[in-house]
Amino acid sequence: MDFDLVVAGAGIVGTSTALWAQKQGLRVALVDPNSPGSGTVSGSACTIATYACLPVNSPSVLSSLPSLMLSPESPLSVDLLHALRNPRWMLSFLANCRKSRVEEIAQNLAGLLQLADAGLDPLVADAQAEDLFVQNDALYVWSTREGFEAAREGNELRRRLGVEMDELTPAQILALEPAIKMPLHRGLLFKGARHVVDPQALVLRMQQRFCTLGGSWQNQRVSRLTAGPKAATVHLDTGAELTARKFALAAGAHSSRISGAGAEKLPLGTERGYHVLYQKHQNLLSRPVGWAEAGFYCTPMAQGLRVAGTVEIASLDAPLNHKRTNYLGRKAEEMLGPLGPADSTWLGYRPTLPDSLPVIGQSPEAESVIFAFGHQHIGLTLGGITGKLVAQLAQGKAPDCSLSAFSPLRFHR
Ligand SMILES: Cc1cc2nc3c(=O)[nH]c(=O)nc-3n(C[C@H](O)[C@H](O)[C@H](O)COP(=O)(O)OP(=O)(O)OC[C@H]3O[C@@H](n4cnc5c(N)ncnc54)[C@H](O)[C@@H]3O)c2cc1C
């Protein structure tokens, strides 16, 4: 047997898994055709969003779906042809917008988010990456009374689930972030929240630490898997094979494209998201500011001011949609005043199951396979704890928390 564990995907989830397992003495290989951290995590809004327990699914999505889908000023866009070709994901997503179900999902996400720091901090210390973090709170702002009132029920649920936050008036918001120019109605300040100034650099340092500890880095693509109860054979693009006692599938939104693990039977979709970057406006804001109605964050980070967010339901293979980056640029100027042309634009792929919960657990198809994907809007936050849990499963140890809500079996009922 070549390895105790082979991990496919060197995003935040896969790299965290590999480092946790290597730290615990397993012989681990991490496999990715691209540079570590260069996938979706690289272009994220950079927030360690331990407060983000509300799923995108919500009863208000059902009532406002037509206007959300049709307005050019909407943070949501849906490719109708793609939606019609993927009825299972779409119908299941809508079924998970019921109030009782949303509360259940939020409760499960909140439970996992409470463990996020315990999963991430030891890896950050190990990788000597503390300098990549800024702890200066995070802010959500609403520009209209209607928007704030529509979010009230969700925010009360968030508070009941233990999230600490202060409600701010427009004057209090401007005292914190005087560069905001748009009309303001209310804000929420998440105290103690952190953000990362360069998520790709964070993953790279974790991967380097993994290699220093003796982990094997394989810069190749996993094409398919032959999995049995006691071992798995991982087939690489080059024709080479790796054998392992356990295989962790952490290839983000691409996970269901690796055949033989059983992931292709799960309704894994993608919520595409965008960012535009303004290099010279790095110091306009002092913390991530999310404009709730517009569906994006403005985050000061190493490369400049990143305006990141929105949701586009479309295929993994569809090209970048310039309407979405234009929307971000337009709204960012509405929020902050003239910014000049963006220096770059980016498209990424949030891996999303229709109930907005990740899949963490053994594949129903093979005992040797552990799934670790589907972290939707909060994978940067949850990557560390997911890695810790998967490393425990790979050793046959009891995980730090119950994984029943995240089991792939929920889609087999
Ligand atoms: C606009 C936007 C803003 C976001 N903001 C935040 C935020 O502020 N906070 C937060 O917590 N989350 C945020 N997210 C979500 C977060 O980025 C994702 O949940 C997270 O990146 C998922 O991590 P991952 O490791 O599963 O996937 P990825 O980061 O996509 O990594 C997957 C890796 O798998 C590799 N791979 C693919 N196919 C194969 C194969 N066949 N073989 C081997 N490797 C393969 C890829 O090359 C890639 O390196 C945001 C996402 C978007 C799009």
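Placed above this text is the structure.
Notes on the structure follow. (Residues numbered from 1 in each chain as written. Predicted model: local features only at pLDDT ≥ 70, side-chain atom pairs only at ≥ 80, totals over all residues. Heavy atoms only, no water.)

**Overview of the site of the ligand**
Then, in step 1: The ligand sits among 31 residues. The nearest are D32, T47, Q376, H377 and T381.
Then, in step 2: Take V13: an N or O atom from its main chain is 3.1 Å from an oxygen atom of the ligand.
Then, in step 3: Side-chain polar atom of D32 to an oxygen atom of the ligand: 2.6 Å apart, as the coordinates give it.
Then, in step 4: Taking 1000 Å² as the accessible area of the ligand by itself, protein coverage stands at 95%.
Then, in step 5: Those elements giving two or more residues to the shell around the ligand turn out to be α1 (12-23), β14 (269-278) and α11 (379-394).
Then, in step 6: At three residues, α11 tops the list of elements feeding residues into the shell around the ligand. (Near = heavy atom within 4 Å. Polar contact = N/O pair within 3.5 Å; in protein donor to acceptor, adjacent residues only side chain to side chain. Areas by Shrake-Rupley, 256 points an atom, 1.4 Å probe, with all protein chains shown as cover. Helix = DSSP H or I, 4+ residues; strand = E, 2+ residues; numbered from the N terminus.)

**Some thoughts on the environment of L320**
Then, in step 1: One can find L320 in the loop between β17 (304-313) and α10 (322-336).
Then, in step 2: Linking L320 and G337, residues 17 residues apart in sequence, is a C-alpha distance of 25 Å.
Then, in step 3: Those residues in contact with L320 that lie beyond four places of it in its chain are R272, Y274, T325, T345, W346 and L347. (Contact = heavy atoms within 4.5 Å.)

**A word on the packing of aromatic side chains**
Then, in step 1: Applying the stated criterion across every chain, the model contains nine aromatic pairs.
Then, in step 2: Ring geometry for Y140 against Y297: centres 6.1 Å apart, planes inclined by 55°, an arrangement best described as tilted. Of the two residues, Y140 is situated in strand β6 (residues 138-142) and Y297 in strand β16 (residues 296-301); the sequence distance between them amounts to 157 residues. Across the pair, exposure class does not vary: Y140 and Y297 are buried alike.
Then, in step 3: Between F371 and F373, the aromatic rings sit 5.3 Å apart at their centres with planes inclined by 55°, giving tilted as the arrangement. (Phe/Tyr/Trp six-rings, centres within 6.5 Å; stacked < 30°, edge-to-face > 60°. Buried < 20%, exposed > 50% of the residue type's maximum accessible area, 1.4 Å probe, protein only.)

**Re helix α9 (residues 199-212)**
Then, in step 1: Compared with the 20 Å implied by 1.5 Å per residue over 14 residues, the 20 Å span of α9 between its first and last C-alpha is a close match.
Then, in step 2: Those residues of α9 not exposed but buried are P199, A201, L202, V203, M206, Q207 and F210.
Then, in step 3: Positive phi appears at G214, one or two residues downstream of α9, with a value of about 105°. (Expected span 1.5 Å × (residues − 1).)

**Focus on the side chain of K246**
Then, in step 1: Inspection of the secondary structure assignment puts K246 in strand β13 (residues 241-249).
Then, in step 2: Salt bridges are absent for the buried K246, whose nearest opposite-charge side chain, E367, sits at 5.9 Å.
Then, in step 3: Only 3.0 Å separates the side chain of K246 from the backbone oxygen of E367, close enough to count as a polar contact.
Then, in step 4: Discounting chain neighbours no more than four positions away, the residues touching K246 are D4, L5, V6, E367, S368, I370 and A394. (Lys, Arg positive; Asp, Glu negative; His and termini not counted. Salt bridge = Lys/Arg side-chain N within 4 Å of Asp/Glu carboxyl O.)

**Observations concerning the packing of helix α6 (residues 116-126) against α11**
Then, in step 1: Where α6 meets α11, the axes come as close as 7 Å, and the angle between the chain directions of the two elements is 85°. Accordingly, the angle class assigned to the pair α6 and α11 is roughly perpendicular. Every residue of α11 that contacts α6 at A116, A118, G119, L120 and L123 is listed here: T381, L382, G384, I385 and K388.
Then, in step 2: A per-class count over the contact of α6 with α11 returns six nonpolar, three polar and one charged. (Axes fitted to C-alpha atoms, helices over the stretch in contact; angles between N-to-C directions. Parallel < 35°, antiparallel > 145°, perpendicular 65-115°, else oblique. Nonpolar A, V, L, I, M, F, W, Y, C, P; charged D, E, K, R; others polar.)

**Here's the deal with the packing of α1 against α6**
Then, in step 1: At a minimum axis distance of 11 Å, the contact between α1 and α6 shows a crossing angle of 75°. Viewed along their axes, α1 and α6 adopt a mutual orientation that is roughly perpendicular. Note on element contacts: α6 touches α1 through A118, G119, P122, L123 and D126, opposite S16, L19, W20 and K23.
Then, in step 2: Residue classes in the contact of α1 with α6 are distributed as five nonpolar, two polar and two charged.

**What to know about α1**
Then, in step 1: Between its terminal C-alpha atoms α1 stretches 16 Å, which fits the 16 Å expected from twelve residues at 1.5 Å a residue.
Then, in step 2: For α1, the tally of buried residues reaches eleven of twelve residues, placing the bulk of the element in the interior.
Then, in step 3: For α1, the full list of buried residues reads I12, V13, G14, T15, S16, T17, A18, L19, W20, A21 and Q22.

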